[in-house]
Amino acid sequence: MAESTVTFRVFRYNPVTDEKPYWALYPVTVEPGDPVLMGLMRIREEQDGSLAFRASCRSGICGSDAMVIAGRSRLACKTQILHVLNAQREVVVEPLRNLSYVKDLVVDQTPFWEKFYQVDPWLHEDPLSKPPTTERLMQLPESEFDDISKASDCIFCQICYSECPVNGMDRAFLGPQALIKAFRFEADPRDHGTPDRARTLNNQEGVWKCRTTFNCTLSCPKGIPITKGIQALKREMLTVGLGRGGGV
Ligand code: SF4
Ligand code: FES
């Protein structure tokens, strides 16, 4: 296959040693089909061992190599280099947005995970019923089960969090991933966690802060209809009652 040389323009910043961020340029020989992650690995192995980025599965499963490539948050292992070149034959690589820098392309994920746990991302038992002695099946029409199934596909890549303009303006907003995880359990007929979750969801920094820009839905690498789930949560919070759990 035809090889060619492109330039990786990579955001570099070590808060311990650098006064400010800077761009580093690396020539990389590529073949059609090579993913951005492969280019970064070659740079680290052959040119600069100090370049920091996260990656693991190399197949779109672990979600760890999310970064901003050519201006959009994407998985580096699922993005082909030749598809994201600019007019100078550069591929521009930056860390995710809306999270602070640790080093180079590595961001501090702490706020993302704190918000994830704020929505009680587990099934709440009915406090009034005895523990089941048999498997409890989720009895739902197929279309409703499909929504739950899709929401369960999340790989925690944080791309939706990075692309959400509301997260960019208000760091307290729960963000799309925590909300779609809450939807996954709120839509489950076996769950009884609504009163507990409503304290977080039915709140100024919860569902009501979402501005339905669809950035999350359009950028999610797993095709999860995040905005649809958030809208369903809003309808559910209206039935809980405006004002309960913090109000709007
Ligand atoms: S909802 Fe989609 S974009 Fe957001 S963290 Fe999960 S997989 Fe990534
Ligand atoms: S390395 Fe796991 S999703 Fe890309």
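Within each chain, residue numbers correspond to sequence positions counted from 1 in written order. Whichever chain is written first is A, and whichever ligand is written first is 1; the rest continue in order. Selection of residues for local features in this predicted model requires a pLDDT of at least 70, selection of side-chain atom pairs for listing and counting requires 80 or more, and totals for whole chains, interfaces and linings are taken over all residues.

**Student:** Please explain the packing of helix H6 (residues 176–186) against helix H9 (residues 226–240) as it appears in this structure.
**Tutor:** Between two packed helices, both the angle of their axes relative to each other and the distance between the axes serve to describe the pair. The axes are straight lines fitted to the C-alpha atoms, using for helices just the contacting stretch, and the angles between their N-to-C directions are given from 0 to 180°. A run of H or I in DSSP becomes a helix once it reaches four residues, and a run of E becomes a strand once it reaches two; helices and strands are each numbered from the N terminus. Packing of H6 against H9 brings their axes to within 9 Å, and their N-to-C directions diverge by 60°. Once H6 is placed against H9, the crossing between them reads as left-handed. Only Ile-226, Gly-229, Ile-230, Ala-232, Leu-233 and Glu-236 of H9 make contact with H6, whose side of the interface consists of Pro-176, Leu-179, Ile-180, Ala-182, Phe-183 and Glu-186. Amino acids are sorted into nonpolar (Ala, Val, Leu, Ile, Met, Phe, Trp, Tyr, Cys and Pro), charged (Asp, Glu, Lys and Arg) and polar (every other residue, Gly among them). Along the lines of polarity and charge, the residues of the contact of H6 with H9 split into nine nonpolar, one polar and two charged. In a left-handed crossing the near helix is turned counterclockwise from the far helix by less than a right angle, and in a right-handed crossing that turn is clockwise. A pair of residues counts as a contact when their C-beta atoms, built from backbone coordinates, are within 7 Å of each other.

**Student:** Please explain the pairing of strand S5 (residues 90–94) as it appears in this structure.
**Tutor:** One face of the sheet, then the other: side chains in a regular strand alternate in exactly this way. Neighbour density around each residue's C-beta defines its exposure: 20 or more other C-beta atoms within 10 Å make it buried, 12 or fewer make it exposed, and counts between make it partly exposed, where C-beta atoms are placed from the backbone. Only one face of S5 is buried: it carries Val-91 and Val-93, and the other face, with Glu-90, Val-92 and Glu-94, is open. By this definition, two strands are paired if DSSP reports at least two bridges between them. The pairing of strand S1 (residues 4–12) with S5 spans four bridges and is parallel. Across the sheet, the residue bridging to Phe-8 is Val-91, located in S5. Two elements, strand S3 (residues 66–69) and S5, share two bridges in a ladder whose sense is antiparallel. Counterpart to Ile-69 in the pairing with S5 is Val-93.

**Student:** Which parts of the structure should I look at to understand the packing of helix H2 (residues 110–118) against H6?
**Tutor:** Remark: H2 packs on H6, axes separated minimally by 9 Å, with the N-to-C direction vectors making an angle of 25°. When the interaxial angle is binned, H2 and H6 end up roughly parallel. In this structure, the crossing between H2 and H6 has a hand that is right-handed. Across the interface between the two elements, Phe-112, Lys-115, Phe-116 and Gln-118 of H2 pack against Gln-177, Ala-178 and Lys-181 of H6. For the contact of H2 with H6, the class distribution of residues is three nonpolar, two polar and two charged. Roughly parallel means an angle under 35 degrees; roughly antiparallel, over 145; roughly perpendicular, 65 to 115; everything else is oblique.

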